[in-house]
Amino acid sequence: MEVKTALIRDLESLLGKERVISHPTELLVYECDGLTLSRHGADAVVLPESTEEVSRIVKCCQGHQVPFLARGSGTGLSGGAVAAEGGVIVQMSRMATIIEIDYDDEVAVVQPGVINLHLSEATRPDGYHYAPDPSSQKACTIGGNVAENAGGPHTLKYGVTANHILGMTVVMPDGEIINMGGRHESILGYDLVGLFVGSEGTLGIVTEIIVKLTRNPESSKTFLASFNTVEAASNSVSSIIAAGIIPAALELIDALVIQAVESHLKAGFPQDVAAILLIEIEGLNATLSAQAGEIRNICHTHGATDFKEAKSEPERAQLWRGRKEAIGALGKVTPAFYTNDGVVPRSKLPEILEFDIETGKRNGLQVAHLCHAGDGNIHPIILYDHENETETKAAMKTSREILQRCIDLGGALSGEHGIGTEKLTSFSFMFNKTDEAQMMAVRSALSPSGKLNPSKIFPTGAKCGESKIRKTVAGGGWL
Amino acid sequence: MSETVTSPLSRTFHAEEKRLLQECIHCGFCLPACPTYMENGKEMDSPRGRLHLMESLLEGRMNLDSAFEEHMKLCLVCRACETACPSGVQFGHLMEATRQSIAEVKQKGRLERFLLQTVLPSHRWLSFLFTITRVIQILRLDKLSTVPPLSLLVPKKLRQLQLSLPTVPPRRFGRSYDVHYRAIRKQRGTVTLFTGCVMDHLFPHVHTATVRLLTWHGYDVTIPSDQACCGALHAHAGEKSMTSFLADQNISILDNCNSDYIVINSAGCGSHLKSYLTYIDSGISSRVVDLSELLAVIEMKPKAIGPTDPVAYDEPCHLLHGQGISTQPKTILEKIPEINLVPLKGSDRCCGSAGSYSITETEMSLKLLDAKMDDIEASGAAIVVTANPGCQMQLNWGVKRRGINVEVLHLAELLDKCFRIDPSYPTDPLVLD
Ligand SMILES: Cc1cc2nc3c(=O)[nH]c(=O)nc-3n(C[C@H](O)[C@H](O)[C@H](O)COP(=O)(O)OP(=O)(O)OC[C@H]3O[C@@H](n4cnc5c(N)ncnc54)[C@H](O)[C@@H]3O)c2cc1C
Ligand code: SF4
Ligand code: SF4
């Protein structure tokens, strides 16, 4: 039965009944994001259509002293878009308009609910695109990308989301509307945009974003190199970068993933190999051939068994589809998987990959790899059966051990998926008490009531701790 | 999955369905592909949300309440989510199983029940009702029924249905006896044409065009009498017994035809005959082809229709997502000399027709139709091509509502038009008895 609280009634009078979801059955679908391991129920979900409405919602939540947070497409993999302490989810899907595209200034102004890929689709015919391309780009929102500082295969050349955000309009935790940054890079004053990008929705709700548009490259080439050992592939990665080449993308995919992709998506990956590299280079026609030759030589030196170029746009698109949707295909070969987002310095790639596989073996599990190798973002995927409690625990143990090793090797906890609720307990691996206190000070200054997206990033709050392991999850999510 | 309580879904969710449900990894890739989610932005009206609700109901975490029912009903079963899903989730199948469970405990509206149980399975009823409609149309009473006092007498859904119908032709295509047409040029093979229900009564000219095209390109065509409605709408609505009754009836007839192919020019029927288990098990499905699959591989020389009219192709969901057919119709269109094919934004998005959806979920259906018409107007197309009777009706209705000058044609009609410029092309296909 639905009991309407004062909060719900107030929200309904702000937005109308149709835009306030409070029925317990309907709220169930908002209990998790891409990470189904961690589930928390919200009290209401609201669908604002303007910055002003978001501001009014925020003030209403503060008035009722309930937690609140924004949600984009819920493709996040760290439990960021769930109401960890209950409260109100501000669903941004109805703020999905591309407000302005300005090719003279090479910027676009968008609402946060715009799907990442839709912006590139709108501008590509005119010779531009939006460069950050997380594998989830056909579904995730630009607002969610800003919150998570999302990266993708082409981050290697173009940088992460932070490098492409010029300004934004934000509803602060007290409901005040502020503008930061602008259409041009500015070095005056505090870099608030820099602070907000990657803050995982804990400092304010973004309602308008000014992004950079990137010119489409004059031309590009995509290669597929095959190797008989994972080590040979990862050594090639290190050598390519060491040779001073910066490919647009450099991805490593191991045999377990290849099998899954080929049995389901048929991307044209070679079978019977230990690993492949998907390499893309972009630039002026004139320089590409020389670079291509150099990369080919490096791969062959490290023992590549095959090296071929995608001959047509459909072939290239098919290879990328295989890469970007690999995780879905992997879902078909294992009851569940858990992905971790550790990063290591590139030179440590061969070492960490070997460690992952060994650690998995020691814990009785298989570990697959789908890495943004060029960035040292390793993305080990731990395969397990969620109905088997021992395996589930072993998966968590494996993940923790790998993360610890990443940090020991001079890397980081998270390359792109954020900390959310998922990595709360691992937070202390990376930051000491002083670091944490500094960050908390920033958060408290901007969000004194602590009602905006609580229990995220920092291991504070009533319900912190490792996410509850449920029997019914379909698996962690991933890249 | 532990089940302490028997869920209302457990009758139609067997081990296989449960396994299929588990294949969803909750990635959300399907969200932007879903017309209902893109329209209202609610997770419950997204594929992932609907699967989440199914799972929750199965686990006994909620009841089969009106909220659950509402979100399942609002699904178009357009299966765009299947095309988008990297994990191969068979959403259409799971939705049909869910609706079956719902149908077992909740009764449908009277009009919907009457249409599904009585009208669609019977050519007599169809003829009777369409004849009345034809009279109403000739006397122009359909317009009258929208103004008081008649509008007060006729239920709103019926009025909507009436307005959206095209001009009803004098008679249906099928006969009470089997009809055979002989190949005109070099014999390529034999086909059986599946005539369906609405297609047979409202679009006989599309069937005629289809027969002319097939015979011209070397196929003997058989039209068996007593073919029934394929049952797709019944399956979507969860009407299990009627679905299998209709399948059995069609199988008994189609099984007797020794043709190489069973040709279907209605995407919805084709998708159902290819994927419904009873049809698959009978061996019928493996012979079913969409008309475009057959014609795309034939070398043909249609004449130009006039180089100026911009033509757009709007992909029927059950062709694109249901059967994975997308290049074939385009290949065929490109064979028309000097054709001015224009891109249509959102051509892969449902027009809101979706079988009986326009009657049961009129509000959402009209929103989707409006979005479609905006895109059609923006494309500048003078001719919109489709390959499914439901879409053709819906798009026609959209054109009528807007009062714009756009012609909606079935692919077979357009192609047939191009051939008819050739004097040796038959006006009447050769009948054999
Ligand atoms: C298969 C798959 C592949 C993926 N691949 C990648 C990848 O390659 N690279 C990568 O970086 N990530 C990847 N992700 C993770 C995820 O897609 C990104 O984190 C993405 O940025 C989340 O966007 P979203 O719209 O889904 O946000 P949500 O999941 O809805 O929200 C994520 C966080 O952002 C906050 N938020 C959302 N909107 C706003 C707003 N308007 N204002 C303030 N805060 C907001 C939420 O509160 C939450 O904390 C992948 C996910 C999946 C399922
Ligand atoms: S795309 Fe497929 S796997 Fe992903 S949420 Fe949708 S149905 Fe589930
Ligand atoms: S079948 Fe169509 S309407 Fe239904 S969930 Fe899938 S995409 Fe949405």
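Each value, and the rule that gives it
Residues numbered from 1 in each chain as written. Chains lettered and ligands numbered in written order. Predicted model: local features only at pLDDT ≥ 70, side-chain atom pairs only at ≥ 80, totals over all residues. Heavy atoms only, no water. Pairing = 2+ DSSP bridges. Helix = DSSP H or I, 4+ residues; strand = E, 2+ residues; numbered from the N terminus. Axes fitted to C-alpha atoms, helices over the stretch in contact; angles between N-to-C directions. Patch = residues over 30% accessible without salt bridge, like charges linked within 9 Å, V, L, I, M, F, W, Y side chains within 5 Å. Areas by Shrake-Rupley, 256 points an atom, 1.4 Å probe, with all protein chains shown as cover. Salt bridge = Lys/Arg side-chain N within 4 Å of Asp/Glu carboxyl O. Lys, Arg positive; Asp, Glu negative; His and termini not counted. Charge placed at Lys NZ, Arg CZ, Asp CG, Glu CD. Domains from an automatic or database assignment. Buried < 20%, exposed > 50% of the residue type's maximum accessible area, 1.4 Å probe, protein only. Contact = heavy atoms within 4.5 Å. pLDDT = per-residue confidence, 0-100. Polar contact = N/O pair within 3.5 Å; in protein donor to acceptor, adjacent residues only side chain to side chain. Nonpolar A, V, L, I, M, F, W, Y, C, P; charged D, E, K, R; others polar.

K.L.:
Explain the sheet that holds strand 18 (residues 380–384) of chain A here, please?
P.N.:
The strands that make up a sheet pair up through hydrogen bonds in the backbone, lying either parallel or antiparallel. Residue and element names in this part refer to chain A. Strand order in this open sheet of seven strands is 15-12-14-13-17-18-16, and the pairing throughout is antiparallel. Of all strands in the sheet, those with a lone pairing partner are strand 15 (306–309) and strand 16 (336–339), marking the two edges. Averaged over all pairs of adjacent strands, the angle between strand axes in this sheet comes to 20°, irrespective of strand direction. Relative to strand 17 (residues 366–371), strand 13 (residues 249–254) runs antiparallel, the two being bridged by two bridges.

K.L.:
Looking at this structure, how should I read unusual backbone geometry?
P.N.:
Trans peptide bonds make up most of the peptide bonds, and negative phi angles are found at most residues other than glycine. The phi dihedral of N149 of chain A falls on the positive side, at around 45°, and the residue is not glycine. In this fold, N149 of chain A is placed in the loop between helix 5 (142–148) and helix 6 (155–158).

K.L.:
Explain a positive patch on the surface to me, please; I cannot follow it from the model alone.
P.N.:
A surface patch of like charges, here positive, comprises R185, K186, R188 and K301 of chain B. Note on placement: R188 of chain B falls in the loop between strand 1 (179–181) and strand 2 (189–193).

K.L.:
Explain the domain arrangement of chain A here, please?
P.N.:
Along its sequence, chain A is carved into domain 1 (2–91), domain 2 (98–215), domain 3 (219–329) and domain 4 (334–446). The straight-line distance from the C-alpha centre of domain 1 of chain A to that of domain 3 of chain A is 42 Å.

K.L.:
Looking at this structure, how should I read the pattern of salt bridges?
P.N.:
Any two side chains of opposite charge can pair if their charged atoms end up close together. Residue and element names in this part refer to chain A. Here the structure, examined in full by the defined rule, presents 47 salt bridges over all chains. Of the charged contacts in the structure, one is a salt bridge between E436 and K433, with a shortest N-O distance of 3.8 Å. Separated by three residues within a single helix, E436 and K433 lie in helix 16 (residues 433–446), roughly one turn from each other. The class of E436 is buried, set by a relative accessible area of 12%.

K.L.:
What's the story with the domain arrangement of chain B in this structure? I'm lost.
P.N.:
Often, the extent of an interface is quoted as the loss of accessible area on bringing the components together. Annotation of chain B at the domain level lists domain 1 (8–105), domain 2 (110–164), domain 3 (179–298 + 426–431) and domain 4 (310–419). On a C-alpha basis, the centroid separation for the pair domain 1 of chain B and domain 2 of chain B is 32 Å.

K.L.:
What's the story with the sheet that holds strand 2 (residues 44–46) of chain A in this structure? I'm lost.
P.N.:
Residue and element names in this part refer to chain A. On the basis of which strands lie adjacent, the open sheet formed by four strands has the order 1-2-4-3 and mixed pairing. Both edges of this open sheet fall to strand 1 (20–21) and strand 3 (68–71), since each of them pairs with a single strand only. Alignment of strand 3 against strand 4 (residues 88–91), held across four bridges, turns out to be parallel. Looking at strand 4, one finds that F68 is bridged to V88. With respect to the sheet, helix 3 (residues 51–64) is in contact with strand 2, strand 3 and strand 4, its orientation differing from that of strand 3 by roughly 150°.

K.L.:
Please explain the confidence of the model for chain B as it appears in this structure.
P.N.:
Parts of the model with low pLDDT should not have their predicted coordinates read in detail. All names here are of chain B. Averaged over every residue, the pLDDT of chain B is 90; the share at 70 or more is 95%. Here helix 10 (residues 150–153) stands out as the element of chain B with the lowest mean pLDDT, 64, in contrast to helix 2 (residues 35–40), whose mean of 97 is the highest. Interface confidence for the predicted complex, given as ipTM, is 0.88, next to a pTM of 0.91.

K.L.:
Is there a simple way to think about the side chain of T133 of chain B in this case?
P.N.:
Residue placement: T133 of chain B occurs in helix 8 (residues 123–138). Residues within four places of T133 of chain B in sequence aside, it is in contact with L165 and V168 of chain B.

K.L.:
I keep staring at the interface of chain B and chain A and nothing clicks. Help me out?
P.N.:
Taken together, the 36 residues of chain B in the interface contact 46 residues of chain A. Connecting chain B to chain A are three salt bridges. Linking chain B with chain A are 18 residue pairs in polar contact (both at pLDDT 80 or more), by the criterion used here. Among the elements of the structure, helix 2, helix 3 (47–58), helix 4 (66–73) and helix 5 (80–84) of chain B are those that each provide at least two residues to the side of chain B that touches chain A. Taken together, the residues of the side of chain B that touches chain A break down into 16 nonpolar, 12 polar and eight charged.

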